[in-house]
Amino acid sequence: MVPKVVYGKGCFEQLASILGPQRKEKAPFIYLVDDVFQKNQQLIQRIPLRFNDKLIFISSFEEPKTEQVDVLVKSIKTEFSYRPSGIIGIGGGSILDLAKAVAIMLTNKGQASEYQGWDLVKNKAVYHVGIPTISGTGAEVSRTTVLTGPEKKLGINSDFTPFDQVVLDPELTIGVSKDQWFYTGMDCFIHCVESLNGTFLNEFSKSYGEKAYDLCKEIFLNRDLNDETAREKLMMASWHGGMSIAYSQVGVAHAMSYGLSYVLGVKHGIGNCIVFDHLEDYYPIDVALFKQMKQAHGIELPQGICKDLTESQMDTMVKIGLSLVPLWENALGPDWESKINAEKLKALYAKM
Ligand code: NAD
Ligand code: ZN
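Since this is a predicted model, take the numbers as computed values, not measurements.

Let's talk about empty space enclosed by the protein
1) Next: Enumeration according to the criterion identifies 1 cavity of 30 Å³ or more in this entry.
2) Next: Its volume calculated, the largest cavity comes out at about 30 Å³.
3) Next: Class assignment for the residues of the lining of the largest cavity results in 4 nonpolar, 2 polar and 1 charged.

With respect to the coordination of the zinc ion (ligand 2)
1) Next: Surrounding the zinc ion (ligand 2) are the protein donor atoms Asp187 (OD), His191 (NE2), His254 (NE2) and His268 (NE2), which sit 2.1 Å from the metal.
2) Next: Considering all 4 donor atoms around the zinc ion (ligand 2), the spread of angles at the metal, 87 to 168 degrees, places the coordination shape in the irregular class.
3) Next: Donor residues binding the zinc ion (ligand 2) come from one chain and are separated in sequence as D-x3-H-x62-H-x13-H. Here aspartate 187, found in helix α5 (residues 178-196), pairs with histidine 268, found in helix α9 (residues 268-276); they are 81 residues apart in sequence, far enough to count as distant. Pair check on accessibility: aspartate 187 and histidine 268 agree, each one buried.

Here's the deal with the sheet that holds strand β6 (residues 128-132)
1) Next: With parallel pairing, 6 strands are arranged side by side in an open sheet as β1-β9-β6-β4-β2-β3. If you trace the sheet from one side to the other, it starts and ends with β1 (4-7) and β3 (54-58), each paired once. In this sheet, adjacent strand axes meet at a mean angle of 15 degrees when their direction is disregarded.
2) Next: With 4 bridges joining them, β1 and strand β9 (residues 165-168) adopt parallel strand pairing. Note on β9: the bridge partner recorded for tyrosine 7 is leucine 168.
3) Next: Packing against the sheet, helix α4 (residues 93-105) makes contact with β2 (29-34), β3, β4 (86-91) and β6, and its axis sits at approximately 170 degrees to β4.
4) Next: On the sheet, helix α7 (residues 228-246) packs against β1, β6 and β9 and is oriented at approximately 155 degrees with respect to β9.

So, the nonpolar core
1) Next: Formed by 63 residues in total, the largest nonpolar core has its most connected members in Phe182, Phe189, Met256, Phe276 and Leu279.
2) Next: When residues of this core are assigned to their parent elements, the largest contribution, 9 residues, is made by α5.
3) Next: Apart from residues no more than four positions distant in its own chain, phenylalanine 276 is found in contact with Phe189, Ile190, Val193, Ala253, Tyr283, Asp286, Val287 and Phe290.
4) Next: By size, the runner-up hydrophobic cluster in this structure holds 36 residues, among which are Ile95, Ala99, Val102 and Leu106.

Re the packing of helix α11 (residues 311-323) against helix α13 (residues 342-350)
1) Next: Packing of α11 against α13 brings their axes to within 10 Å, and their N-to-C directions diverge by 115 degrees. In this structure, α11 meets α13 at a crossing whose hand is right-handed. Across the interface between the two elements, Met314, Asp315, Met317, Val318 and Leu322 of α11 pack against Ala342, Leu345, Lys346, Tyr349 and Ala350 of α13.
2) Next: A breakdown of the residues in the contact of α11 with α13 according to their chemical character gives 8 nonpolar, no polar and 2 charged.

Here's the deal with the site of ligand 1
1) Next: Taken together, the neighbourhood of ligand 1 is formed by 28 residues, with Gly93, Ser94, Ser142, Thr184 and Lys267 sitting nearest.
2) Next: Separating a nitrogen atom of ligand 1 from a backbone N or O atom of leucine 172 is a distance of 3.0 Å.
3) Next: Contact between ligand 1 and valine 176: a nitrogen atom at 3.5 Å from a main-chain N or O atom of the residue.
4) Next: Against a free-state accessible area of 870 Å², the protein chains account for coverage of 90% of ligand 1.
5) Next: The class makeup of the residues in the shell around ligand 1 is 9 nonpolar, 13 polar and 6 charged.

Focus: the pattern of salt bridges
1) Next: Summed over the entire model, instances satisfying the criterion amount to 17 salt bridges.
2) Next: The salt bridge partner of aspartate 277 is lysine 294, with a shortest N-O separation of 3.1 Å. Of the two residues, aspartate 277 is situated in the loop between α9 and α10 (284-296) and lysine 294 in helix α10; the sequence distance between them amounts to 17 residues.
3) Next: The exposure class of aspartate 277 is buried, given its relative accessible area of 8%.
4) Next: Here lysine 294 falls in the buried class, since its relative accessible area comes to 14%.
5) Next: A salt bridge links lysine 339 to aspartate 335, with the nearest nitrogen and oxygen atoms 3.4 Å apart.
6) Next: Since its relative accessible area comes to 37%, lysine 339 is described here as partly exposed.
7) Next: The class for aspartate 335 is partly exposed, based on a relative accessible area of 40%.

Cut-off values and rules
Residues numbered from 1 in each chain as written. Chains lettered and ligands numbered in written order. Predicted model: local features only at pLDDT ≥ 70, side-chain atom pairs only at ≥ 80, totals over all residues. Heavy atoms only, no water. 1 Å grid on protein atoms, 1.4 Å probe; cavity = no way out; pocket = protein on both sides within 12 Å on 5 of 7 lines; lining within 4 Å. Points joined across faces, edges and corners; volume = space filled by probe spheres on them. Nonpolar A, V, L, I, M, F, W, Y, C, P; charged D, E, K, R; others polar. Donors = N, O, S within 2.8 Å, 3.2 Å for Na, K, Ca; no water. Tetrahedral: all angles 85-135°; square planar, octahedral: opposite > 155°, others 65-115°. Helix = DSSP H or I, 4+ residues; strand = E, 2+ residues; numbered from the N terminus. Buried < 20%, exposed > 50% of the residue type's maximum accessible area, 1.4 Å probe, protein only. Pairing = 2+ DSSP bridges. Axes fitted to C-alpha atoms, helices over the stretch in contact; angles between N-to-C directions. Contact = heavy atoms within 4.5 Å. Core = buried A, V, L, I, M, F, W, Y, C linked by side-chain atoms within 4.5 Å. Left-handed = near helix turned anticlockwise from the far one by under 90°. Near = heavy atom within 4 Å. Polar contact = N/O pair within 3.5 Å; in protein donor to acceptor, adjacent residues only side chain to side chain. Areas by Shrake-Rupley, 256 points an atom, 1.4 Å probe, with all protein chains shown as cover. Salt bridge = Lys/Arg side-chain N within 4 Å of Asp/Glu carboxyl O.

Here it is in structure tokens:
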């Protein structure tokens, strides 16, 4: 679990006093910031840069890659002779994941791709702080950092992955576009649906999942993007949704969305939406709700994205999807292999 969190409108101002005690002599804080803020000087000027601290703008146009982590770690090691005091990620799930992975790889040998999996990290990461600027993924609270590697898209899941500190300031999410608000928000809704309908469900996950599910319903059925209360509620829904899956697992939409992302580069939030729209056989009540939410906000999802795939691309997509065993086991039970197979997945992908 994340051991320290501050929440509230304007709490970003506390960052300097939070970081102060963590600063080691000559060791900089490195800020990884979504480059969407390059044109938002108001936010950039509030970042408490001191001494040799460094701010690096990162594009979230593509989801984080293991290679990108390795390049960043190498450049930090080359530029500074002291290991950084901390890594601070400011952005959405992409930047938060990158910050977690860089913090881990600064203290662990080899390449990031060697750590994709469960509990492969040996050494404690550098102190790292997560500051979300869009709500939904739960990356601020989870024990994974999802990375696309040379062979797979899989997280570095470990006890050293979670942030040491999270700053939840709902005001930072002002400026998110409507479509992106919906896609990333639906990631949270889908986390709850998959956790609450999964066989791994337990009272711990359920208590968080139910809260986040109710918040999502209220936000996406009764409120809008520019509603301040909705912003605050979605930030907490994201946290609770993340907590719910941390102690259970996601399901069919995530497994299939990973395939879409690996082969077509479709991003997580929108990919989940594209898949979930076709999962009425697995989550009938919630797919109907999702369609209602989509309509309420005038969201049009891309259609026919799999229609021009080659056979080999389709095979890769299916292979990636089916390789996520814990997700299928959670969704369909221990005998999941008797319930889903490559043919069924292909037929589903073909509809998207
Ligand atoms: P994102 O980080 O990719 O950002 C989406 C878009 O929103 C980007 O264009 C970004 O520039 C923009 N944006 C962010 N904040 C903004 C703001 N305040 N104003 C204007 N624009 C803003 O999107 P995401 O959906 O948050 O994250 C997706 C990533 O999270 C994927 O890489 C996915 O794999 C990962 N993820 C991780 C976990 C986890 O537990 N670690 C869980 C779910 C998803
Ligand atoms: Zn997700």
